[in-house]
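Fold and contact review
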Amino acid sequence: NTEVFFPRKYMLDNEESLSYTWNYFVGFSVFDVTTNKLLGVIESIDDATMNVLFNVVFDDSKEMLIPASEDLVVEVDNENKLLKMQLPEGFSELY
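Residues numbered from 1 in each chain as written. Predicted model: local features only at pLDDT ≥ 70, side-chain atom pairs only at ≥ 80, totals over all residues. Heavy atoms only, no water.

1. Structural notes on the sheet that holds strand S3 (residues 53-58)
- Taken in spatial order, the six strands make up an open sheet running S4-S3-S2-S1-S6-S5, and their pairing is mixed. The two strands at the open ends of the sheet, each matched to only one other strand, are strand S4 (62-67) and strand S5 (73-77). Neighbouring strand axes in the sheet, compared pairwise and without regard to direction, differ in orientation by 35 degrees on average.
- Bridge count for strand S1 (residues 29-32) against strand S2 (residues 37-46) is four bridges, and the pairing is antiparallel. The partner of Phe31 across the bridge, within S2, is Leu38. (Pairing = 2+ DSSP bridges. Helix = DSSP H or I, 4+ residues; strand = E, 2+ residues; numbered from the N terminus. Axes fitted to C-alpha atoms, helices over the stretch in contact; angles between N-to-C directions.)

As structure tokens, then:
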């Protein structure tokens, strides 16, 4: 497991004392605000290297790797399990 520092502004008030890891987001859908597209669901976290990645599944079986970076996270919707990210232009077209 990998510890991350997550902005408090995205946490629910009653969860402020919890510490999250990137694994918290497994099962969340990823929405790219750059393209206004729902990309898929985070199936797992790849933390085998220094650069942690979200393994996102789309179209039932295809996978894309998205950097798990606090800088890319725009909004976290805990209630709807939705992670809004601002990915570089053209990123989703690679898949």
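2. Overview of the packing of aromatic side chains
- Counted under the stated rule, the structure contains six aromatic pairs.
- When the ring of Trp22 is compared with that of Phe54, the centres are 5.5 Å apart and the planes differ by 85 degrees; the resulting orientation is edge-to-face. One end of the pair, Trp22, is in the segment before S1; the other, Phe54, is in strand S3, and 32 residues separate them in sequence. Accessibility assignment for this pair places Trp22 and Phe54 in one class, buried.
- Seen from their ring centres, Phe25 and Phe28 are 5.2 Å apart, and the 75 degrees between their planes marks the pair as edge-to-face. (Phe/Tyr/Trp six-rings, centres within 6.5 Å; stacked < 30°, edge-to-face > 60°. Buried < 20%, exposed > 50% of the residue type's maximum accessible area, 1.4 Å probe, protein only.)

3. A closer look at the pattern of salt bridges
- In the structure shown here, the tally under the stated rule is two salt bridges.
- A salt bridge links Lys84 to Glu75; the shortest N-O distance between them is 3.8 Å. (Salt bridge = Lys/Arg side-chain N within 4 Å of Asp/Glu carboxyl O.)

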